[in-house]
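# A structural walkthrough
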Amino acid sequence: MDEILRNTFIAVLTLSTGIHLWLARRHINFVSQHKNKVPDAFKKNITLKDHQKAANYAIAKSELGLKDTIVQAFVLLILTLGGLISMISHLFDPITSPLLKDAGIILSVMFLSSLIDLPFNYYKTFNIDEVFGFNRMTKKLFFSDLYKQIILGLCLGLPILFVALWMLQNAGAYWWIYLWAVWSVFNLLILAIYPTWIAPFFNKFLPLKDKTLKSKIIALLKKCGFKSQGLFVMDGSARSNHGNAYFTGFGKNKRIVFFDTLLERLNHNEIEAVLAHELGHFHHNHVKKRIVMMFVVSFIGLGILGYLKDQLWFYQGLGITEPSNGNALLLFMLVGPTFIFFIRPIMAFYSRQNEFEADRYAKMHSSAKYLKESLVKLYRDNASTLTPDPLYSAFYDSHPPALQRIARL
């Protein structure tokens, strides 16, 4: 069985990496071929210069993504079949507590993975985004955010990691059900505290001061039957020139957040239309459905891990010489995404249908005209390509391509 798993893992990793590289290359070629002509639907609002900027931005990000994909696949092979996890495990042999040893192994591998990701994030921020005029982040702020992410990750991640490892060791045959329950509650707790405790750790949130816009938004909220804890403006301009708006939290902790960059670019009618789209997500319970979907997927995943944890071939097939609860959890976190790669088109399709539903809701409660105008401005100002490769877009994009979305509106 261990040889079957090893060969299957190599085949799946090779296939998924190959598909990703092929699709990315298709996307680069397609965008390049269509960058010298603005699609007819956008000729009145987007210049050829802006269109070419968006195309070149998409190409630059995709080319970086190609390199990242190759490195990530190589690192995964080194960690597993290359024996690096086993080597790291032996470094913790002097530790007598299985719980502390397992936690040390997992944290070491996660730290190593983060170090490998760091140059790509740095290059994306200070080379690609800088060249295309989107980066407003200083290097000091970049590393300050990184430090905060590490501290926050340890504060939130260590307790749930120790709980998981303790349950694997002491909670009996149905440990995975108990862990699933704890994991679900933990995620709901994070969603509840994110707006007031976590998000302000990185950004400043101030109440919306524009009285005219505020009254317009409050009227829309009443019309749609939506209650919010408040309307806030986030200092997105401190890090990026991109504009956005979003809902965060759930229950009584729901907040509506506008990037300051968004408020600078859109007029009041366009902002109302964007908000109506976000309210469409609320009306159709898209967030709740995704939470339920996440719980179902995690339940199935932990059930599979509950079986694999006690199978010697699971470890040996993936290059681990020393079976342990920590290694089982680590292998599951590292290898799992490789096997679920092929359901990405289904998830992307579902997400795009949600966007179409939210657009229809916005048409009913605001204005299709203003929503189109706002989207065109956001496509232009965020340098979102108008001509993605159709197959690449179908596989990855959570939002419909610009042409499809505008045509439906």
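Preceding this section is the structure that the text describes.
Residues numbered from 1 in each chain as written. Predicted model: local features only at pLDDT ≥ 70, side-chain atom pairs only at ≥ 80, totals over all residues. Heavy atoms only, no water.

In the Ramachandran plot, Asn-285 falls in the positive-phi region, its phi being about 55 degrees despite a non-glycine side chain. You will see that Ala-383, though not glycine, has its phi angle at about 55 degrees, which is positive. For Ala-383, the location among the structural elements is in the loop between helix H14 (368-381) and helix H15 (390-396). Overall, Ala-383 belongs to the buried group, its relative accessible area being 4%. (Helix = DSSP H or I, 4+ residues; strand = E, 2+ residues; numbered from the N terminus. Buried < 20%, exposed > 50% of the residue type's maximum accessible area, 1.4 Å probe, protein only.)

Here the focus is the packing of aromatic side chains. Enumeration according to the criterion identifies 20 aromatic pairs in this entry. Between Phe-314 and Tyr-315, the aromatic rings sit 5.4 Å apart at their centres with planes inclined by 65 degrees, giving edge-to-face as the arrangement. Judged on exposure class, the residue Phe-314 and its partner Tyr-315 are both buried. Ring pairing ties together the aromatic residues Phe-341, Phe-342, Tyr-392, Phe-395 and Tyr-396, which thus form one cluster. (Phe/Tyr/Trp six-rings, centres within 6.5 Å; stacked < 30°, edge-to-face > 60°.)

Another aspect to go through is the pattern of salt bridges. Opposite charge on two side chains permits them to pair, given that their charged atoms come into close proximity. Evaluated as defined, the whole model comprises 14 salt bridges. For Glu-355, the salt bridge goes to Arg-405, with nearest N and O atoms at 3.8 Å. In this pair, Glu-355 sits in helix H13 (residues 344-365) while Arg-405 sits in helix H16 (residues 402-408), placing the two residues 50 residues apart along the sequence. When sorted by exposure, Glu-355 lands in the same class as Arg-405, which is buried. One salt-bridge network, in which partners are shared between bridges, spans Lys-37, Asp-40 and Lys-43. (Salt bridge = Lys/Arg side-chain N within 4 Å of Asp/Glu carboxyl O.)

The next subject is the environment of Ala-173. Its place among the elements puts Ala-173 in the loop between helix H5 (139-170) and helix H6 (175-198). Given the relative accessible area of 64%, Ala-173 is considered exposed. Between the alpha carbons of Ala-173 and Phe-205 there is a distance of 46 Å; along the sequence they are 32 residues apart.

In terms of burial, strand E4 (residues 255-259) is a largely internal element, 5 of the 5 residues being buried. Burial along E4 is two-sided: Arg-255, Val-257 and Phe-259 facing one way and Ile-256 and Phe-258 facing the other are all buried. Here strand E2 (residues 230-234) pairs with E4 via 5 bridges, running parallel. Paired with Leu-231 across the two strands is Ile-256, which belongs to E4. Bridge count for strand E3 (residues 245-248) against E4 is 4 bridges, and the pairing is antiparallel. Directly across from Thr-248, in E4, lies its bridge partner Arg-255. (Pairing = 2+ DSSP bridges.)

The subject of this paragraph is a nonpolar patch on the surface. A surface patch of nonpolar side chains, amounting to about 430 Å² of accessible area, comprises Val-292, Val-296, Phe-299, Ile-300 and Ile-304. Summarising the element assignment, Ile-300 is placed in helix H10 (residues 286-308). Looking at Ile-300, the relative accessible area reads 48%, which means it is partly exposed. (Patch = residues over 30% accessible without salt bridge, like charges linked within 9 Å, V, L, I, M, F, W, Y side chains within 5 Å. Areas by Shrake-Rupley, 256 points an atom, 1.4 Å probe, with all protein chains shown as cover.)

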